[in-house]
Amino acid sequence: MKNRLNFDELTQGLGWSDLENSFDRQAIETEFQKRDETQSLPIKILSIFGGIMASSTLSGFLFSFGILENKLAQLIFGLIFLVGAIFFSRKTKMLLMDTIAVSGLILGFILLGLGLEDYHLSDEAALLIICIVATVSLNFVCNYIMTFILVLIACGTLLASLNAADLDNLSYFYVPALGLVLAHLYIKEARIISKRNFFSIRYNPIRTALTFCLIAGLIYLTLDSDFILTNYYALCSSLSFIVLSFVALHFVFEKLAIENKRTMILLYLLCLCCLLPTIFAPAISGAIFLILISFLANYKTGFVLGILLLLYAVSRFYYDLDISLLDKSIAMMISGAFFIILYFVSLKLSRHEEN
């Protein structure tokens with residue numbers, strides 16, 4: 001999303017009228033102005049890395065003096081750091097205090113995870129406890145960085161618990177579920193940020209964190225190097241992303257004001273031709289979905305990350321194919337020729353639309 005929301009362009013592109021949809025334009029513009037003034041990417045990155053460095057230093061200090069050798073002490077100090085981090089984040093907006101709060105949050109979850117090991121809990125149970133704690137903590141945090149980290153922890157531990165419980169097949173449904181949530185957030189963006197509620201205040205960090213979680217989940221799906229045509233879980237996951245891609249494409253057509261039925265049908269068919277070969281590669285269809293939905297919301301970070309993910313997913317897909325190098329080369333040449341033809345067809349269609 002741009003730093004400054006072009007409200008008229010967005011509503012006209014999505015086909016919304018002021019009569020059918022009531023938005024608090026002033027609230028939207030005020031919110032984005034506030035975010036422009038208080039949130040810059042370098043500060044966010046420095047806060048995260050500063051928090052990690054400070055947490056590592058403090059945890060090393062505590063362990064070196066034997067303060068946290070007892071597991072109960074680890075749990076108690078972990079909860080103290082979590083509560084303290086949430087308290088500081090709500091009481092001050094200073095950069096230094098934000099970094100301290102982020103440090104306390106990270107250290108709190110580290111100590112909580114270490115403390116749970118002594119209670120003979122299964123790995124998936126401990127991960128689910130951490131996921132629940134992170135989810136509950138979200139309700140008390142308004143800080144951008146802390147919200148971002150909490151969403152990453154909640155989604156990451158949930159995926160890790162599926163792996164620990166030997167339920168990897170469920171990850172093929174979990175990752176598309178993240179895509180569905182992201183699609184809702186991107187498509188309903190104007191309505192969400194116009195309301196002063198839980199999601200409107202935390203919308204930016206939640207959207208960014210879920211984008212990274214989706215990318216991590218899609219990369220996780222590519223780690224299974226056994227390319228099997230009977231992997232119906234991968235088939236269901238890829239089909240889910242294909243459906244989401246067509247939903248995103250529909251809204252992209254509305255944004256670009258493409259109304260010619262013939263052009264729309266031809267573009268749908270071309271998109272289908274691109275997506276069908278990815279029917280057993282959910283990472284590729286998921287990357288295409290992320291590119292489309294980021295283009296729809298004009299979210300440049302997601303768009304660039306989607307392109308990088310697509311390059312990785314295609315490379316990984318060809319690498320895992322159990323065919324000879326010559327056959328892989330031929331397949332890549334055919335794919336390249338297809339995309340070149342697709343480029344010239346789309347260019348011709350765009351010029352036709354302008355005329």
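Residues numbered from 1 in each chain as written. Predicted model: local features only at pLDDT ≥ 70, side-chain atom pairs only at ≥ 80, totals over all residues. Heavy atoms only, no water.

Q: Can you tell me about the overall build of the protein, naming the residues and giving the values?
A: Looking only at helices and strands, the protein has 15 helices and zero strands in total. At a minimum sequence separation of 6, the contacts of the protein that also span at least 24 residues come to 75%. Carbon and sulfur atoms make up 68% of the accessible area of the protein, which totals about 19200 Å². (Helix = DSSP H or I, 4+ residues; strand = E, 2+ residues; numbered from the N terminus. Contact = heavy atoms within 4.5 Å. Areas by Shrake-Rupley, 256 points an atom, 1.4 Å probe, with all protein chains shown as cover.)

Q: How would you explain helix α7 (residues 144-164) if you had to name every residue and give the values?
A: Between the first and last C-alpha of α7 there are 30 Å, a value that for 21 residues agrees with the 30 Å anticipated at 1.5 Å per step. Where α7 ends, the next residue or the one after it, D166, has phi of about 55 degrees, a positive value. (Expected span 1.5 Å × (residues − 1).)

Q: Lay out the environment of S137 with the relevant residues and their values.
A: Mapped onto the fold, S137 is located in helix α6 (residues 123-138). C-alpha separation for the pair S137 and L150, spaced 13 residues apart in sequence, amounts to 7.5 Å.

Q: I'd love a proper account of the pattern of salt bridges, names of residues and values included.
A: Taken as a whole and assessed by the stated rule, the structure comprises one salt bridge. In this structure, E189 engages R207 in a salt bridge whose closest nitrogen and oxygen atoms are separated by 3.0 Å. Of this pair, E189 sits in helix α9 (residues 189-193) while R207 sits in helix α10 (residues 198-221), and the two are 18 residues apart along the sequence. Overall, the relative accessible area of 2% leaves E189 in the buried class. Overall, the relative accessible area of 4% leaves R207 in the buried class. (Salt bridge = Lys/Arg side-chain N within 4 Å of Asp/Glu carboxyl O. Buried < 20%, exposed > 50% of the residue type's maximum accessible area, 1.4 Å probe, protein only.)

Q: Any chance you could break down the packing of helix α13 (residues 282-297) against helix α14 (residues 300-320) for me, citing the residues and the numbers?
A: Contact geometry for α13 and α14: axes closest at 8 Å, N-to-C directions at 165 degrees. On the basis of the axis angle, α13 is roughly antiparallel to α14. Between α13 and α14 the crossing geometry is left-handed. Across from A283, I284, A287, I288, L290, I291, S294 and F295 in α13, the residues of α14 making contact are G302, F303, G306, I307, L309, L310, A313, V314 and F317. Partitioned by chemical class, the residues of the contact of α13 with α14 number 14 nonpolar, three polar and no charged. (Axes fitted to C-alpha atoms, helices over the stretch in contact; angles between N-to-C directions. Parallel < 35°, antiparallel > 145°, perpendicular 65-115°, else oblique. Left-handed = near helix turned anticlockwise from the far one by under 90°. Nonpolar A, V, L, I, M, F, W, Y, C, P; charged D, E, K, R; others polar.)

Q: Outline unusual backbone geometry, supporting the account with residue identities and numerical values.
A: Despite not being glycine, D166 shows a phi value in the positive range, around 55 degrees. In this structure, D166 sits in the loop between α7 and α8 (171-187). Judged by its relative accessible area of 68%, D166 falls in the exposed class. Of note, the phi angle at N298 is positive, near 55 degrees, even though the residue is not glycine. Summarising the element assignment, N298 is placed in the loop between α13 and α14. Classification of N298 by relative accessible area gives partly exposed; the value is 28%.

Q: Would you mind going over the packing of aromatic side chains in detail, with residue names and values included?
A: The tally for this structure, following the rule as stated, stands at six aromatic pairs. When the centroid spacing of 6.0 Å and the interplanar angle of 75 degrees are considered together, the rings of Y186 and Y299 count as edge-to-face. Here the residue Y186 occupies a position in helix α8, and Y299 occupies one in the loop between α13 and α14, the gap between them amounting to 113 residues. Here the two residues Y186 and Y299 agree in accessibility, since each one is buried. Between F241 and F289 the ring centres are 6.0 Å apart and the planes differ by 45 degrees, which places this aromatic pair in the tilted class. (Phe/Tyr/Trp six-rings, centres within 6.5 Å; stacked < 30°, edge-to-face > 60°.)

Q: Can you explain the nonpolar core? Please cite residues and give values.
A: In terms of nonpolar packing, the biggest core is built from 80 residues, with L105, F109, I149, L210, L214, L218 and I293 touching the most fellow members. In terms of residue count, the dominant contributor to this core is α7 (twelve residues). In contact with L218, not counting residues within four places along its chain, are V175, F241, P282, A283, G286, A287 and L309. (Core = buried A, V, L, I, M, F, W, Y, C linked by side-chain atoms within 4.5 Å.)

Q: Pulling in residues and values, what's your account of a nonpolar patch on the surface?
A: A contiguous nonpolar patch, built from L256, F295, F303, V304, I307, L308 and L311 and spanning about 610 Å² of accessible area, is present on the exposed surface. Tallying contributions element by element places α14 first for the nonpolar patch, with five residues. Topologically, L311 is positioned in helix α14. Judged by relative accessible area, which is 53%, L311 ranks as exposed. (Patch = residues over 30% accessible without salt bridge, like charges linked within 9 Å, V, L, I, M, F, W, Y side chains within 5 Å.)

Taken by themselves, the reported measurements are silent on function.
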